[in-house]
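Each chain, letter by letter, is given below.
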Amino acid sequence: MGGNGILPLDLRYISTTNQNMSGLLGEFEVNMDPKGRLKVPSALIKQLSAEDNARFVITRGFEKCLVLYPFSEWQKVSARLNGLNMFVKKNRDFVRYFMSGATELTLDSSERVLVPKPLQAYAGITKEIVLSAFQGKVEIWDKDQYTSVIDMQSDDFAGLAEEVMGDTPDE
């Protein structure tokens, strides 16, 4: 606490340019240390909002990756999950699987997070990792797995783009 009775503000985790988590963006190659920690790149930390306060939730992704949600974004996801009818079996199955291994994480003093061992095993991550940030979340991939997932021919990507975005009007 400062001499004036006010707690000092840690500006490392406050973005002055992006208070909208949907703007989270970037691809980063990082290494996981033998203890299972990975350093969150400063370019990604700068995109966090003040309300996240360096807190995250990590869980299983839809493919063999992990998803790291800033805490404010996780609260939105959690609210959607809580709105599902748990009397419907497929809803229970989805929530059970999605929440399996979900863990709250906080950056340490070296701006690292500790990835739980069961989640490391699920995603097959060991050392070389790619962080892919978009739509308010960060996918965590084994580098080789990520490369194989995104390594498609340009014609394949063009066809996928047309299928997914073809009916979307240009802005």
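Refer to the structure printed above.
Because the structure is predicted, anything quoted here is derived from the model rather than measured.

Participant: Got a sec to walk through the packing of aromatic side chains? Specific residues and values, please.
Facilitator: Taken as a whole and assessed by the stated rule, the structure comprises six aromatic pairs. Residues W74 and F98 carry aromatic rings whose centres are separated by 6.0 Å and whose planes lie at 10° to one another, so their mutual orientation is stacked. Residue W74 is located in helix α2 (residues 71-82), and its partner F98 is located in helix α3 (residues 89-99); the two are separated by 24 residues in the primary sequence. The exposure class assigned to W74 is buried, which follows from its relative accessible area of 8%.

Participant: Would you mind going over the sheet that holds strand β7 (residues 128-134) in detail, with residue names and values included?
Facilitator: With respect to topology, six strands assemble into an open sheet ordered β1-β7-β8-β4-β3-β5, the strand pairing being antiparallel. One side of each edge strand has no neighbouring strand; the edge strands of this open sheet are β1 (26-31) and β5 (103-106). This sheet shows a mean twist of 25° between the axes of neighbouring strands, independent of strand direction. With six bridges joining them, β7 and strand β8 (residues 137-142) adopt antiparallel strand pairing. Pairing of I129 across the sheet is with D142, part of β8. Along the sheet, α2 contacts β3 (55-60), β4 (66-70) and β5; its crossing angle with β4, the most-contacted strand, is approximately 105°.

Participant: Before we move on, could you go through the environment of V57 and cite the residues and values that matter?
Facilitator: Topologically, V57 is positioned in strand β3. On the accessibility criterion, V57 (5% relative accessible area) is buried. A sequence separation of 45 residues divides V57 from A102, and the C-alpha atoms of the two residues are 6.6 Å apart. Excluding anything up to four places from it in sequence, V57 contacts V67, L68, Y69, F71, W74, A102, T103 and E104.

Participant: Talk me through the pattern of salt bridges; I want residue IDs and the actual numbers.
Facilitator: A side chain with one charge can pair with a side chain of the opposite charge if their charged atoms come near. Taken as a whole and assessed by the stated rule, the structure comprises eight salt bridges. Notably, a salt bridge pairs E29 with K143, separated by 3.2 Å at the nearest N-O pair. Separated by 114 residues along the polypeptide, E29 in strand β1 and K143 in helix α5 (residues 143-150) bring together distant segments of the chain. Judged by its relative accessible area of 56%, E29 falls in the exposed class. The partly exposed category is assigned to K143, whose relative accessible area is 25%. The residue K76 makes a salt bridge to E73 at a minimum N-O spacing of 3.4 Å. You can see K76 and its partner E73 sitting in helix α2, three residues apart, about one turn around the helix.

Participant: Run through the environment of S110, naming residues and quoting values.
Facilitator: Residue placement: S110 occurs in the loop between β5 and β6 (112-114). Exposure remark for S110: the relative accessible area of 37% places this residue in the partly exposed category.

Participant: Can you explain α3? Please cite residues and give values.
Facilitator: Burial in α3 covers these residues: N91, V95 and F98. One side of α3 holds all its buried residues, which, seen down the axis, span an arc of 70°. Among the exposed residues of α3, those oriented more than 90 degrees off its buried face are K89, K90 and R96. In the core, the buried residues of α3 are packed alongside β3, β4 and α2. Positive phi appears at G101, one or two residues downstream of α3, with a value of about 85°.

Cut-offs used in this document
Residues numbered from 1 in each chain as written. Predicted model: local features only at pLDDT ≥ 70, side-chain atom pairs only at ≥ 80, totals over all residues. Heavy atoms only, no water. Phe/Tyr/Trp six-rings, centres within 6.5 Å; stacked < 30°, edge-to-face > 60°. Helix = DSSP H or I, 4+ residues; strand = E, 2+ residues; numbered from the N terminus. Buried < 20%, exposed > 50% of the residue type's maximum accessible area, 1.4 Å probe, protein only. Pairing = 2+ DSSP bridges. Axes fitted to C-alpha atoms, helices over the stretch in contact; angles between N-to-C directions. Contact = heavy atoms within 4.5 Å. Salt bridge = Lys/Arg side-chain N within 4 Å of Asp/Glu carboxyl O. Arc of directions from axis to C-beta.

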